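Fold and geometry: a report
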Amino acid sequence: MLEYSMLYPRNTVSRRAVSLDGMWKFCLDEKAVGESENWQNGIPGQEVIPVPASFQDFYTEKDIREYAGDFWYEKEVFVPGEWEGQQIQVRFGAATHRAVVYVNGIQTAEHEGGFLPFCADATDIVRYNAWNKVVVKVNNELTVTNIPCGQTITLPNGKKMCKPYFDFFNYSGLQRSVYLTAIPKESVFDLDLNYELDGSNAKVYYTVHTTGESPVVVELLDADGTKAAEGNGKEGVLEVADAHLWKVRNAYLYTLVVRIVDDADIIDEYTQEIGIRTVEVKDTSILINGEPVYLRGFGKHEDSDILGRGFNIGMMKRDFELMKWIGANSFRTSHYPYSEEIYQMADREGFLIIDEVPAVGLFESLMNFMEASTGKQTAFFEKETTPILLKAHLKAVEEMITRDKNHPCVIAWSLLNEPETTNDSAVPYFKAVFDRAHELDIQKRPRTFALVMNSTPDKCKCYQFSDIVALNRYYGWYVCGGNEICTAEVMFRKEMDGWKALNLNKPFIFTEYGADTLASEHKLPSVMWSQEYQNEYLDMTHEVFDSYDFIKGEQIWNFADFQTTEGIMRVNGNKKGVFTRQRQPKDVAYKLKQRWESLPLDYKK
Ligand code: CKU
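Below, the structure is looked at part by part. Quick caveat, the model's predicted, so the values are computed rather than measured.

1. Considerations on the overall build of the protein chain
- Broken down by element type, the protein chain carries nine helices and 30 strands.
- Against the 2.2 N^0.38 benchmark of 25 Å for 605 residues, the protein chain shows a C-alpha radius of gyration of 24 Å, consistent with a compact globule.
- Taken along the three principal axes of its C-alpha coordinates, the protein chain extends 70 × 70 × 45 Å.
- A burial count over the protein chain gives 63% of its 605 residues as buried.
- Sequence separation of at least 24 residues holds for 72% of the intrachain contacts in the protein chain that already meet a minimum separation of 6.
- Carbon and sulfur atoms make up 50% of the accessible area of the protein chain, which totals about 22700 Å².
- With 65 positive and 89 negative side-chain charges, the protein chain shows a spacing of 3 Å between the two charge centroids.

2. Here's the deal with the pattern of salt bridges
- Summed over the entire model, instances satisfying the criterion amount to 50 salt bridges.
- Its salt-bridge partner being arginine 15, residue aspartate 268 comes within 2.8 Å of it at the nearest N-O pair. Taken as a pair, aspartate 268 in strand β19 (residues 265-274) and arginine 15 in the segment before β1 (16-19) lie far apart in primary sequence, 253 residues in all. Arginine 15 shares its class with aspartate 268; the two are buried.
- Among the salt bridges present, the one from lysine 405 reaches aspartate 190, with a minimum N-O distance of 2.8 Å. Pair noted here: lysine 405 is in the loop between α5 (386-404) and β26 (410-417) and aspartate 190 is in strand β13 (residues 188-198), with a separation of 215 residues, a long-range link.
- Through salt bridges that share partners, Asp57, Lys62, Arg65, Glu66 and Glu566 make up one connected network.

3. Considering the nonpolar core
- Phe298, Leu362 and Met496 are the most contacted members of the largest nonpolar core, which has 113 residues in total.
- Element by element, the count of residues in this core is highest for helix α6 (residues 426-440), at seven residues.
- Beyond its immediate sequence surroundings of up to four residues, leucine 362 is in contact with Ile147, Cys149, Phe380, Phe381, Leu389, His393, Leu416, Glu418, Pro419, Glu420 and Tyr429.
- Membership of the second largest hydrophobic core comes to 39 residues, among which are Ile49, Ile64, Tyr67 and Val79.

4. Here we look at the sheet that holds strand β28 (residues 469-472)
- Strand order in the closed barrel formed by eight strands is β23-β24-β25-β26-β27-β28-β29-β30, with parallel pairing between adjacent strands. On average, adjacent strands in this sheet sit at an angle of 25 degrees to one another, irrespective of strand direction.
- Pairing of β26 with strand β27 (residues 447-451) involves three bridges; the strand directions are parallel. Across the sheet, tryptophan 413 pairs through a bridge with arginine 447, a residue of β27.
- Most of the contacts of α5 go to β26, to which it runs at about 165 degrees, and overall it touches β25 (352-356) and β26.
- Sitting on the sheet, α6 touches β26 and β27, and the angle it makes with β27 is about 145 degrees.

5. Focus: the pairing of β25
- The element β25 is largely enclosed, with a buried count of five among its five residues.
- The alternating pattern of β25 places Leu352, Ile354 and Glu356 and Ile353 and Asp355 on opposite faces, both of which are buried.
- Of the strand pairs in this sheet, strand β24 (residues 330-332) and β25 are connected by three bridges, and their pairing is parallel. Its bridge partner being in β25, serine 330 is matched across the sheet by leucine 352.

6. Regarding helix α2 (residues 313-326)
- A rise of 1.5 Å per residue sets the reference length of α2, with its 14 residues, at 20 Å; its end C-alpha atoms lie 20 Å apart and thus fit the reference within 8%.
- Those residues of α2 lying buried are Met315, Met316, Asp319, Phe320, Leu322, Met323 and Ile326. For α2, the arc enclosing every buried residue in end-on projection is 160 degrees, short of the 170-degree limit, so these residues lie on one face.
- Looking at the buried positions of α2, the neighbouring elements they touch are β23 (295-299), β24, α3 (340-349) and α9 (588-598).
- The positive-phi residue at the C-terminal boundary of α2 is glycine 327, with phi of around 85 degrees.

7. Topic: the site of the ligand
- Inspection of the region around the ligand gives 13 residues, with Asp167, Glu418, Tyr478, Glu512 and Lys576 positioned closest.
- Lysine 576 places a polar side-chain atom, nitrogen or oxygen, 2.5 Å from an oxygen atom of the ligand.
- Protein burial of the ligand: of its 360 Å² of free accessible surface, 99% is covered by the chains.
- Its residues assigned to classes, the shell around the ligand comprises six nonpolar, two polar and five charged.

8. Regarding the packing of α2 against α3
- Between α2 and α3, the least distance of the axes is 11 Å, while the angle of their chain directions is 35 degrees. Considering only the axes of α2 and α3, their crossing is right-handed. For the pair formed by α2 and α3, the contact residues are Met316, Lys317, Phe320 and Lys324 on the first element and Glu341, Ile342, Met345, Ala346 and Glu349 on the second.
- A class-by-class count of the residues in the contact of α2 with α3 yields five nonpolar, no polar and four charged.

9. A look at the state of the cysteines
- Applying the stated criterion to the full structure yields zero disulfides.
- Among the cysteines around cysteine 480, which has no disulfide bond, cysteine 486 carries the closest sulfur, lying 8.6 Å off.

10. Quick word on the packing of α5 against α6
- Orientation of α5 relative to α6, taken along the N-to-C sense of each, is 20 degrees, at an axis distance of 10 Å. In terms of orientation, α5 and α6 fall into the roughly parallel class. Classified by chirality, the crossing of α6 by α5 is right-handed. Contact residues: Thr386, Leu389, Leu390, His393, Leu394, Val397, Glu398 and Ile401 in α5; Tyr429, Ala432, Val433, Arg436, Ala437 and Leu440 in α6.
- Partitioned by chemical class, the residues of the contact of α5 with α6 number 10 nonpolar, two polar and two charged.

Reading the values: the criteria
- Residues numbered from 1 in each chain as written.
- Predicted model: local features only at pLDDT ≥ 70, side-chain atom pairs only at ≥ 80, totals over all residues.
- Heavy atoms only, no water.
- Helix = DSSP H or I, 4+ residues; strand = E, 2+ residues; numbered from the N terminus.
- Rg over C-alpha atoms; globule rule 2.2 N^0.38 Å.
- Buried < 20%, exposed > 50% of the residue type's maximum accessible area, 1.4 Å probe, protein only.
- Contact = heavy atoms within 4.5 Å.
- Areas by Shrake-Rupley, 256 points an atom, 1.4 Å probe, with all protein chains shown as cover.
- Lys, Arg positive; Asp, Glu negative; His and termini not counted.
- Charge placed at Lys NZ, Arg CZ, Asp CG, Glu CD.
- Salt bridge = Lys/Arg side-chain N within 4 Å of Asp/Glu carboxyl O.
- Core = buried A, V, L, I, M, F, W, Y, C linked by side-chain atoms within 4.5 Å.
- Pairing = 2+ DSSP bridges.
- Axes fitted to C-alpha atoms, helices over the stretch in contact; angles between N-to-C directions.
- Expected span 1.5 Å × (residues − 1).
- Arc of directions from axis to C-beta.
- Near = heavy atom within 4 Å.
- Polar contact = N/O pair within 3.5 Å; in protein donor to acceptor, adjacent residues only side chain to side chain.
- Nonpolar A, V, L, I, M, F, W, Y, C, P; charged D, E, K, R; others polar.
- Left-handed = near helix turned anticlockwise from the far one by under 90°.
- Disulfide = S-S within 2.5 Å.
- Parallel < 35°, antiparallel > 145°, perpendicular 65-115°, else oblique.

Here's what the structure looks like:
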């Protein structure tokens, strides 16, 4: 059990959540002198920046954009007098990649991992009806003992620099919303939900975890606020007659109201939107409410101009509108769990999410996207430090599943992206991670991981762990691009025939395929990087997808162009977007729209 509740902050009759988003004081700590100079009591300078946001793209100095090390935030926070006697917390949606929190100079929390929430308890520290100082030391260095993996080097000028083993810019900072919350000392801590369908009726199994012993009552309200069912006790079953099911791109949300009561008094109340639906993998099918679904959609990133990886509410809205326009029904949160507001939106819009833990870069290479295609192996899991990495990985799996398990949109857990799998040492590591996910999720949703190019049917030692086999493949891009695309197709089919021969009786999906394309380039005849080539690449790829019955989904890489580390392989970022970074379509968007709108939901059922 985690030491803090992962429940999203809400206002109810017993709870208060005040947003601390806005301008925060900010400074870099190049010499790592913060603590010794007492910055926990107040950081130097007058610089301010927005939260939520990555700090990198606001400034004009390269040294700031590329900064690796500690950096500090500070905010004055007013704590109302009427909150006395409650539990007071500062709740961070994320701090990338690790943070230490001080309230009024006293350390209250420390958290490792940059893409999941944590709470700093300040109950015994805050001054009521007064201003309080929240100071956060954040650090963005990359190592092989935490996820995502990479290195941090020191340059001849003495400055540190991050070298990610992954293909996205190492944006960092307070990239998600921060809340000041007040909740009763006896409160709802966690919820577990599971569903069973029986014709038009549904059973909702619930378990409420609280911090005390007082009785619990629950109510299920339909979308109009009418009571659909009620229950008594911390555990029970709600029977819903003629239930409105949560369906793909046709969502229906109920609200579960959970109360801890003392006779007529409410000690605590928490509300949670839920969707009644089941998820199952049977033979080669992915079933939602018992009905087969063919996935179509994207691998995405949280990435936009200026804010970087900062949660961008306008961009979120635009992205969902584009995904609806193009006929998508799903996406993978490559390569880290996204901001919680994105899952709330997917719940509402009926999108299916493959939720990915930030376990990327478990393949020792600064250009694994290139090197994996050459068959390179790195024996990544043989390192002495692997047990430490595994511990961090398991913690992130626990935090992700605890945070996201009650979203109807989450239909699968992606537990690693493109790890080294060709070596026996990967096997026990995978087993630990996959077993842990199974144990934590009472809905027992399918588990998967994205297989890199060198994880082929003959070499991969880990595909058996996946309930859905997810392939990242670039035949026609990293392998035999351009005029050699016919060779790429032969190789692609040969690999797929290899998978077919294994007869795994599992669904396969493509979690990546794509070609870098400059929105500025048109070429007749096509050349690589032109919009025409992206179209031709997709024609070939789609033909292969359509030739194998066990392929049950396609999520193209990437939804939009996104920022990466600079280098000879990237032109101001990765350009495999179907949309530009400003969210306008490339030509290929119309092809995908045509295809995805014409494929039946249960294609290849
Ligand atoms: C993508 C071998 C493929 C790895 N995959 C990971 C993803 O993060 C990259 O952006 C490749 C690419 O475009 O190279």
